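Structure assessment
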Amino acid sequence: MESKKEFFLECYKLGIIKFGRFTLKSGIESPFYVDLRPLASDPKILKSLANYLLEMLPLDNFDLICGVPYAALPMATAMSLESYIPLIIKRKEAKSYGTKKLIEGIYQKGQNCLLVEDVITSGKSLIETIAEVEQEDLKVVDIVVVLDREQGGKQLLESNGYKVHTLFNISEVCQILQETGELSDEEVKRIQDFLQGNHIQFEEKTKSSYEQKLNSTQHSVSKKLLETAIAKQSNLIASADVTTTQELLDLAEKVGPHVIALKTHIDVISDFEYDKTITPLKALAAKHNFLLMEDRKFADIGNTQELQFTSGVFKITDWADFVTSQVIGGFESLDCFKNVGVVAIIGMSSKGALTTSSYREEALKVAQSHPNVIGGVSQNTLPEELLLFTPGVNLADSGDGKGQQYNTPEHVFRTLHTDFIIVGRGIYKAENPEQAAITYKNEGWKAYLNSL
């Protein structure tokens, strides 16, 4: 393979960079314009480019490759052919017919996906692509880019914990062209001045502390959750996915001192009796100072939800501090939850979930406007006024040898700006549930402090 400099000069002959005065999409006038799409028309160059990009990467880290549409799609395809790593295709927007899928291809939940981009400027398209890929429950850690315009996008992504590998940057390109006489010293100086004055500044999202949120929240359940978190120095909610009363009470006794809430699926308790199940459970919640969260995921018209909430053998209204609910029934369907807090289901991570971006947008409007809603379950960040509850957190995923994972406490606090972590099997399936709860409590609190 020829040197990297020689390779770039071969690419340059295809007209991938032009110099002069160009108005960009942002309205900024730039002294150069980059368009790498012509590279796809030269098979030899495209193959060499794929190998240059692959050489920079720890290939054992990736199960899949995905190109950011559209210019990077042929690059990602060539990389897949050269590496034998499967390719998935992300559409610009989901089809309005057929399967209505946004991601095409064969993949499995939890796989690691390498993103391929042609040019990075602000990083906005990559941030959007990452969110859409992660919505399919895939993991993104590494991003490979052909050319960095050096205007802040790489720094933005790296500040969010992603590893960005770049083949060229614009300063390096200008130096090569200056050395070969393609660019004059004056032109290089003009480009350097442009870069210094047009480094895109990003307002870094800062996470509010529990004390700050406590001062601004109005809902009594939100206040109690935040007060409990501060008092116990814990943001841990344990999921009690057990099927007998004795298992439920035993788990509550063991983890109660270390959690702020216990999440139940009360309808799976096979021997449920209110006096034998709920009465002692409430006593344990009072003893150990934790709240009760019934993960009912209500999803019906308001009248039916009210009956499910107040009637039947479970009488959820008598003991739950807060419940989960879909918002598919609309704003008024949440009116029945007057004496509890509601955690709205904004998005789901399961493969093929119908919680599309348009659905999430409408669901978020309901959540933000309804007085009973205290927060949401989502795979994306939420507005500051809503508390974010993140399920599926598991420390075991941090050590599988494939780089940073996306369901550890560190990740969900740093990138999703979560407020509370929900841990299930990592605690109730552990040999020592109490010790596991202590570990998750400490790791969650440390991740919270580091995110401030």
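This structure is a prediction, so every number in the text was calculated from the model and none was measured.

What follows covers the packing of aromatic side chains. Counted according to the given criterion, the structure contains 16 aromatic pairs. Aromatic side chains Phe 322 and Phe 389 sit 5.9 Å apart centroid to centroid with 40 degrees between the ring planes, which places their arrangement in the tilted category. Placement of Phe 322 in strand β12 (residues 322–325) and of Phe 389 in strand β15 (residues 387–390) is noted, with a sequence separation of 67 residues between them. In this structure, Phe 322 and Phe 389 share a single accessibility class: buried. A centroid spacing of 5.2 Å and a plane angle of 40 degrees characterise the contact between Phe 389 and Phe 420, whose relative ring orientation is tilted. In this pair, Phe 389 is assigned in strand β15 and Phe 420 in strand β16 (residues 420–423), connecting sequence segments 31 residues apart.

Our focus in this paragraph is helix α1 (residues 4–12). Residues of α1 that are buried: Phe 7, Phe 8, Cys 11 and Tyr 12. End-on, the buried residues of α1 take up no more than an arc of 140 degrees, which puts them together on one face. Where α1 is buried, its residues touch β1 (17–23), α2 (43–55), β8 (163–169) and α6 (170–179).

This paragraph deals with the UniProt feature "binding site: orotate" (unreviewed entry) in the protein chain. On the UniProt side, "binding site: orotate" (unreviewed entry) is annotated at positions that read Thr 121 and Arg 149 here. These annotated residues cover 29 residues of sequence, and their C-alpha atoms lie no more than 5.4 Å from one another, placing them together at a single site. Mapping Thr 121 onto the fold places it in the loop between β6 (112–120) and α4 (124–134). Structurally, Arg 149 can be placed in the loop between β7 (139–148) and α5 (153–159). Judged by its relative accessible area of 5%, Arg 149 is buried. With residues near it in sequence (within four places) discarded, Arg 149 still touches Leu 24, Ser 30, Phe 32, Val 34, Val 119, Ile 120, Thr 121, Ile 170, Phe 194 and Leu 195. Here the side chain of Arg 149 touches Ser 30 through a polar contact of 3.2 Å, side chain to side chain.

Calculation rules
- Residues numbered from 1 in each chain as written.
- Predicted model: local features only at pLDDT ≥ 70, side-chain atom pairs only at ≥ 80, totals over all residues.
- Heavy atoms only, no water.
- Phe/Tyr/Trp six-rings, centres within 6.5 Å; stacked < 30°, edge-to-face > 60°.
- Helix = DSSP H or I, 4+ residues; strand = E, 2+ residues; numbered from the N terminus.
- Buried < 20%, exposed > 50% of the residue type's maximum accessible area, 1.4 Å probe, protein only.
- Arc of directions from axis to C-beta.
- Contact = heavy atoms within 4.5 Å.
- UniProt positions renumbered as here; feature names shortened; annotations may be inferred.
- Polar contact = N/O pair within 3.5 Å; in protein donor to acceptor, adjacent residues only side chain to side chain.

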